[in-house]
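A look at the structure
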Amino acid sequence: MRKERIDRGLKVRTEGIYAINSAREILYLMGPRLLLIAGLLALPFVFEFAPYWKRVINIMCAYALLAIAFDFLANYVGLVCLGGAFFTGIGGYFAAIYNVNLGLPIYLSIPLATVSGALLCTFFLLPCLPLRGVYFAIVTLMYPLLFTRIIEALDIFGGTNGITGLDSFPNPYLEHYAIIIIALVFLFGMRRFVNQDVGLVLRGVKDNDQSVKASGINVTRMRIIAVFVASFIGCFAGAYIAHLYMWAGISLFALDFSIIPIASVVIGGGGTLVGAAIGAFILVPLSEILRAFGTFRIVIYCIVLTGFIVFKSEGIMIYLQRKYHQFERWVKV
Amino acid sequence: MFEAFELMVFYENMIALNNVSITCDEGKIIGIFGSNSAGKSTLMYAVSGIILDIKRKEEMRGGERISVFGRVFFDGRDMTAVKPHNRAKAGIVLCPERRRIFPESSVLENLKIGSYLTSSREAKQNLEYVLDLFPRLKDHLKRQGGFLSGGEQQMLAIGRALMASPKVLLLDEPLLGLSPAYQEIVINGTKAIRDSKGISIIVTEQYARPVMPIIDYGYILENGSSVLMGTKEELLDNPDVKSAYFGV
């Protein structure tokens, strides 16, 4: 006897876009996506009377963005980025400089900080892009520490106090929906991006960069594009967080911004992008709930993570996708 | 002495090995021939136990489900559920396809890694034996494995497998990408291993002509099933075999 996995008939029929001919099939395709979109959009209303948790929604979405960036770099380009904090820090400080020092309004400072932050991050990461291996991971891990110390030592950008007095969002709903909608846009945008020609080449770079070079493609240039896209997402998250807290300080370079996204990808399932976001939606609220346990929360957190790696190392999303698209039955061999 | 009984391997729903049974008596050379996708490598993985490792890794990753059926017996022991490293300890040693030598270790180090299971005296004897068998390796002992030519790498891979003092040696496509001259060296070496040490050898190959002279018994795989078996003479007389595997 052998357990057999078979694609559902519905999946086979709906795979080709022309075969869709009933509401049920459209629902099968759209259902999970709509559920995610509607669920996220409804969150601020669900927590209408729990203002503390409404703040958590914002942070959760910011972490989801960082997790998407990590997942993209690690599983589609083959660059392990341990420096989510580098992106948030640069993005946050840029937003603060634009907003406080140059007096730009919030709807200009965030986009400008995102773009200039992404450029600066890409520039700093340039030297380690032609290489394979562990160099990129080490450099991305070191940069946040380096920038923290520089800001402390030279006492620039407000030193240890940081830059205060950033504009807040004009109203709380804008605050929630700005990040929720942007997170959804980036999520679905990235899913599309990795299946474009550029995305295909990037996946090739991950699998075998020599073969890609042999096809006449400049690998370093492709990696630059990838790092720019990822740091773009990360810097947006940083700029948003800075405006959310109305403050940009060295805690934007904190290790949390590097570690939690990685954990989210592990839990959600690497290489799915959605899984990364869902992992963040689980981990960030979990760590808030565990706050009640004080320092003991790290222990619980670690146990949850280890449990996931041992028992469901494929990740939630890959497991769910399989259950959704396939059924199992016993067959005789 | 060595017997694989009704082996059946599924990669998800695709059947890679269908009811294949092979036996190998002591001191015999068994040839397994088949085109690409015939299931030769899967057979080698199933026999050496590597398939159990691949299966576990795929499970962890949420990838393909691999189902393995059938039994493997060796020296009267049931090896079906035995892990690959314990199979190697028992004497079933695989020399994998595409050599898989350790490119950043020197030739001598590669050989030493192979002798991890044996006593130091046995390792010394094995080392001398391997260097006698493939004298070309002697000139490159200090060189990194990755810088050897393809043929030398193949000799090194076989040598590494021999260092573990195997009782059954599994050679997966040892002639892959070798020039005719090197093919001859490897084939003669294979025969010499059997003749001098009495090690049973199972060798897979796509192109039967160079291997055919040294085998005692052969199997022909097609799409995962064993379609034909017989002694060297029986296989050579078969017109289908001639056209498919000798290009006559």
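Residues numbered from 1 in each chain as written. Chains lettered and ligands numbered in written order. Predicted model: local features only at pLDDT ≥ 70, side-chain atom pairs only at ≥ 80, totals over all residues.

Re the packing of helix H11 (residues 256-268) of chain A against helix H13 (residues 297-311) of chain A
All names here are of chain A. Two elements in contact, H11 and H13, have axes separated by 9 Å at closest approach and are oriented at 40°. As judged from the angle between their axes, H11 and H13 are oblique. Where H11 crosses over H13, the two elements pack in a sense that is left-handed. Judged by residue contacts, Ala-263, Val-266 and Ile-267 of H11 engage Leu-305, Phe-308 and Ile-309 from H13. (Axes fitted to C-alpha atoms, helices over the stretch in contact; angles between N-to-C directions. Helix = DSSP H or I, 4+ residues; strand = E, 2+ residues; numbered from the N terminus. Parallel < 35°, antiparallel > 145°, perpendicular 65-115°, else oblique. Left-handed = near helix turned anticlockwise from the far one by under 90°. Contact = placed C-beta atoms within 7 Å.)

Regarding the confidence of the model for chain B
Residues of chain B with pLDDT of at least 70 account for 99%, and the chain-wide mean is 91. Two summary scores accompany this predicted model of the complex, namely pTM at 0.88 and ipTM at 0.80. (pLDDT = per-residue confidence, 0-100.)

Points about the sheet that holds strand E2 (residues 14-24) of chain B
Residue and element names in this part refer to chain B. Pairing within the open sheet is antiparallel, and its 4 strands lie in the order E2-E1-E4-E5. Edge positions in the sheet fall to E2 and strand E5 (77-78), since each has one partner strand and no second. Where strand E1 (residues 2-11) meets E2, 7 bridges bridge the pair, whose relative direction is antiparallel. Bridged to Tyr-11 within E2 is Met-14. Helix H2 (residues 50-61) contacts E1 and strand E4 (66-74) of the sheet and is inclined by roughly 155° relative to E4. (Pairing = 2+ DSSP bridges.)

Describing the pairing of strand E4 (residues 326-331) of chain A
Residues and elements named next belong to chain A. With 0 of 6 residues buried, E4 lies mostly on the surface of the structure. As paired strands, strand E1 (residues 2-7) and E4 are joined by 6 bridges and run antiparallel to one another. Looking across to E4, one finds that Arg-2 is bridged to Val-331. (Buried ≥ 20, exposed ≤ 12 C-beta atoms within 10 Å, placed from the backbone.)

Observations regarding the nonpolar core
Counting residues in each nonpolar core, the largest one holds 90 residues, and the members touching the most others are Ala64(A), Leu65(A), Ile68(A) and Ala277(A). If you tally residues by element for this core, the top one is helix H3 (residues 51-77) of chain A, at 18 residues. Discounting residues that sit within four places of it in the chain, Ile68(A) has contacts with Phe186(A), Leu187(A), Met190(A), Ile233(A), Leu273(A), Ala276(A) and Ala277(A). Residues Met44(B), Val130(B), Val186(B) and Val211(B) belong to the second largest nonpolar core, which totals 71 residues. (Core = buried A, V, L, I, M, F, W, Y, C linked by C-beta atoms within 7 Å.)

Considering the interface of chain B and chain A
On the chain A side, the residues contacting the 10 residues of chain B number 10 residues. The set of elements that each furnish at least two residues to the side of chain B that touches chain A consists of E1, H2 and E4 of chain B. When grouped by side-chain class, the residues that make up the side of chain B that touches chain A number 4 nonpolar, 3 polar and 3 charged. (Nonpolar A, V, L, I, M, F, W, Y, C, P; charged D, E, K, R; others polar.)

Points about the environment of Ala178(A)
With respect to the element layout, Ala178(A) can be found in helix H7 (residues 172-193). With 120 residues separating them in the primary sequence, Ala178(A) and Asn58(A) have C-alpha atoms 9.2 Å apart.

Describing the sheet that holds strand E7 (residues 168-172) of chain B
All names here are of chain B. With mixed pairing, 6 strands are arranged side by side in an open sheet as E6-E7-E8-E3-E9-E10. At either end of the open sheet lies a strand with only one pairing partner, and these are strand E6 (92-95) and strand E10 (225-231). Going across the sheet, the axis of each strand differs from the next one's by a mean of 15°, ignoring polarity. As paired strands, strand E3 (residues 29-33) and strand E8 (residues 200-205) are joined by 5 bridges and run parallel to one another. Within the sheet, the bridge partner assigned to Ile-29 lies in E8 and is Ile-201.

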